[in-house]
Amino acid sequence: MRKDTQCVHSGTYVDPGTKGLNTPIYTSSSFEYMDAPENVYPRYFNIPNQKSIIDKLCALENAEDGLVFSSGMAAISTVLFSFLNSGDHIVLQRDIYGGTHHFATAEFDRFGIAYSFASGTMEEIERAVRDNTRIIYIETPSNPLLVITDIEAVVQLARSRNILTVIDNTFATPINQNPLDFGLDVVTHSGTKYIGGHSDICCGAALASKALIARIKPSAANFGGSLNAMTCYLIERSLKTLGIRVEKQNRNALLMARHLQLKSLIRKVYYPGLEDHPGFDIARKQMKNFGGMLSFELDAAKIDPHRFLKNLKLITPALSLGGVETIICAPVTTSHQKMTDAERAQLGITDSLLRLSVGIEDPDDIMADIDQALH
Ligand SMILES: Cc1ncc(COP(=O)(O)O)c(C=O)c1O
């Protein structure tokens, strides 16, 4: 099946009693065990509604197996702590979601895990690798500057050094990019974003080979960040429209990026689908389309970002991303607030940088709102 068909059909469990078209919601947290092949329990990541969305996500990411979590951070932290031991080292891409950056700086030291940040270039990633490096962790396109990292090159380097690779594929979505096809080991998602898609769900996922998921699952059960059946059902419902939502967001984002480039009050537009983006060629190689996220830098000398945000009428300044509605945020005060000033300066996250999560509205309405606020 192709992507749009997988979105609709993969993983659906047909109840033999009713033959309804949708997977029933199995609310039980207690299941009889006497004749069962395994003990079933929500925290063991094996209740029917979890299995249903795992099957759909596996189809979409070309994965053998997966786990669904109560948040994206639960997925990321569980995956990393499943493989890292005291004395190990991890290389993380520097330009990543601020929460993941903060997770590393706040948690690793006290477990005796060494870490280095590297820009998304292969030279820096290679330079950061040590003899005890266990994991290379990347995010491409990255939050918030849409840095493109060469997935195949990272895999090649990691394999030559026997290092596990983990990618946060949230910005790309499983519609636009399938890192496992390039040999990457573990894909994580904040399902709170495009997978949920309606700004009303918090969840996460990890997808990989059967063997790797079997390594993660025992720690996942210990850490306890599984997802409840009701939310699993909502995710299954959301995933049915993932393909058409993302397709529209891809189109709208490219139109927005081109429109913003023409504005004299905007100094720079970061979108990997623009020919002058430094990662354009690599993005074209590893992505089917460029996604619904972009960032832009207002001309700080001429326009106050706070005032600009206050003057938007349709686009809401709001946390998170990936929903059907267009929202905007200043990473400095939201997603990347916990970074130090020096860390933000090193990345190029300024007070005038704004991150736009482009929705599925009519693009003319979104552009008109930007224009009137700039005016
Ligand atoms: C790229 C990326 N990864 C991970 C996360 C964390 O996801 P969650 O908030 O679902 O824990 C976020 C949240 O904004 C994100 O933008």
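To start, this report covers the structure provided alongside it.

Conventions we followed
- Note that residues are indexed from 1 along each chain, following the sequence as it is written.
- Side-chain atom pairs in this predicted model are given and counted only at pLDDT of 80 or more, local residue features only at pLDDT of at least 70, and totals for whole chains, interfaces and linings cover all residues.
- Each side-chain value is worked out from all heavy atoms of the structure, with water and hydrogens disregarded.
- Every helix listed is a DSSP run of H or I at least four residues long, and every strand listed is a run of E at least two residues long, numbered separately from the N terminus.
- Helix span, as expected, comes to 1.5 Å for every residue beyond the first.
- For each residue, the accessible area found with a 1.4 Å probe, counting protein chains only, is set against the maximum for its type, and the residue is called buried under 20%, exposed over 50%, and partly exposed in between.
- Polar contact is the term for a pair of N or O atoms within 3.5 Å; when the atoms are in protein, one must be able to donate a hydrogen and the other to accept it, and sequence-neighboring residues count only if both atoms are side-chain atoms.
- In summary, the pairing rule links any two rings of Phe, Tyr or Trp, Trp by its six-membered ring, whose centres are within 6.5 Å, and it sorts them by plane angle into stacked for under 30 degrees, edge-to-face for over 60 and tilted for everything else.
- The axes used here are C-alpha line fits, helices contributing only the stretch in contact, and every angle between their N-to-C directions lies in the interval 0 to 180 degrees.
- Orientation categories follow fixed angle ranges, with anything under 35 degrees roughly parallel, anything over 145 roughly antiparallel, 65 to 115 roughly perpendicular, and all other angles oblique.
- Here is the rule for handedness: rotate from the far helix to the near one, and if that takes an anticlockwise turn smaller than a right angle the crossing is left-handed, while a clockwise turn gives right-handed.
- Note on contacts: a residue pair is in contact if any heavy atoms of the two residues lie within 4.5 Å.
- Cavity: a set of points on a 1 Å grid over the protein atoms alone where a 1.4 Å probe fits but cannot get out. Pocket: an open set with protein on both sides within 12 Å along at least five of seven lines, its lining residues, like those of a cavity, having an atom within 4 Å of a point.
- Grid points are joined across faces, edges and corners, and a volume is the space filled by probe spheres set on the points.
- Gly is put with the polar residues, along with every residue not named as nonpolar or charged; the nonpolar set is Ala, Val, Leu, Ile, Met, Phe, Trp, Tyr, Cys and Pro, and the charged set is Asp, Glu, Lys and Arg.
- For this description, a residue counts as near a given molecule or strand if any of its non-hydrogen atoms is within 4 Å of it.
- Each accessible area value is a Shrake-Rupley result obtained with a 1.4 Å probe; residue values ignore everything except the protein chains displayed when judging cover.
- Put plainly, a molecule is in a cavity or pocket when over half of its atoms are within 2 Å of the grid points there.
- If DSSP finds at least two bridges between two strands, the strands pair.

**Side note on helix 3 (residues 72-83)**
For helix 3, built from twelve residues, the straight-helix expectation of 16 Å at 1.5 Å per residue is met to within 8% by its first-to-last C-alpha distance of 17 Å. In terms of burial, helix 3 is largely enclosed, as ten of its twelve residues are buried. Among the residues of helix 3, the N-terminal cap falls to Ser-71, whose side-chain oxygen and the backbone nitrogen of Met-73 are separated by 3.4 Å.

**Quick notes on the packing of aromatic side chains**
In this structure the tally under the stated criterion is 13 aromatic pairs. Between the aromatic rings of Tyr-271 and Phe-290, the centroid separation amounts to 6.5 Å while the plane-to-plane angle is 70°, which identifies the pairing as edge-to-face. Of this pair, Tyr-271 sits in the loop between strand 8 (266-270) and helix 11 (280-286) while Phe-290 sits in the loop between helix 11 and strand 9 (293-298), and the two are 19 residues apart along the sequence. Taken individually, Tyr-271 and Phe-290 each receive the classification buried, so the pair is uniform in this respect.

**Observations concerning the packing of helix 3 against helix 8 (residues 210-223)**
At their nearest, the axes of helix 3 and helix 8 sit 9 Å apart, and the two run at 110° to each other. Between helix 3 and helix 8, the crossing angle belongs to the class labelled roughly perpendicular. Helix 3 and helix 8 meet at a crossing whose hand is right-handed. Where helix 3 abuts helix 8, its residues Thr-78, Val-79, Phe-81, Ser-82 and Phe-83 lie against Leu-212, Arg-215, Ile-216, Ser-219, Ala-220 and Phe-223.

**Digging into the layout of surface pockets**
Size it by volume and the largest pocket reaches roughly 530 Å³. Contributing to the lining of the largest pocket are 26 residues, with Met-73, Tyr-97, Gly-99, Lys-193 and Ser-335 lying nearest its centre. Elements with a contribution of two residues or more to the lining of the largest pocket: helix 3 and helix 4 (98-107). Of the residues assigned to the lining of the largest pocket, the class counts are eight nonpolar, 13 polar and five charged.

**Observations concerning helix 10 (residues 242-261)**
Because each turn of an α-helix spans 3.6 residues, side chains separated by three or four positions in sequence point in the same direction. Compared with an ideal rise of 1.5 Å per residue, which puts 20 residues at 28 Å, helix 10 spans 28 Å between its outermost C-alpha atoms and is within 8% of the ideal. Every buried residue of helix 10 is listed here: Leu-242, Gly-243, Arg-245, Val-246, Gln-249, Asn-250, Asn-252, Ala-253, Met-256, Ala-257, His-259 and Leu-260.

**A word on the site of the ligand**
Met-73, Asp-168, Ser-190, Thr-192 and Lys-193 are the nearest of the 14 residues found near the ligand. Backbone polar atom of Met-73 to an oxygen atom of the ligand: 2.8 Å apart, as the coordinates give it. In the environment of the ligand, an oxygen atom lies 2.8 Å from a nitrogen or oxygen atom belonging to the side chain of Lys-193. For the ligand, whose unbound accessible area comes to 390 Å², protein coverage reaches 91%. Mapping the ligand onto the cavity grids shows that it belongs to the largest pocket. Per element, the largest residue contribution to the shell around the ligand is three residues, and it comes from helix 3. Residues belonging to the shell around the ligand are distributed by class as follows: five nonpolar, six polar and three charged.

**Notes on the packing of helix 2 (residues 48-61) against helix 9 (residues 229-239)**
In the contact formed by helix 2 and helix 9, the axes pass within 8 Å of each other and the chain directions differ by 30°. Taken together, the axes of helix 2 and helix 9 are roughly parallel relative to one another. Where helix 2 crosses over helix 9, the handedness of that crossing is left-handed. Contacts between helix 2 and helix 9 involve Asn-49, Gln-50, Ser-52, Ile-53, Lys-56, Leu-57 and Leu-60 from the first element and Ala-229, Cys-232, Tyr-233, Ile-235, Glu-236 and Leu-239 from the second. Among the residues making up the contact of helix 2 with helix 9, the classes are represented as eight nonpolar, three polar and two charged.

**Side note on the sheet that holds strand 12 (residues 353-357)**
What holds strands together in a sheet is hydrogen bonding between their backbones, with the strands either parallel or antiparallel. Strand order in this open sheet of five strands is 8-9-12-11-10, and the pairing throughout is mixed. A single partner strand is all that each edge strand has here, and the edge strands are strand 8 and strand 10 (316-317). Two elements, strand 11 (residues 327-329) and strand 12, share three bridges in a ladder whose sense is antiparallel. Paired with Ile-328 across the two strands is Leu-356, which belongs to strand 12.

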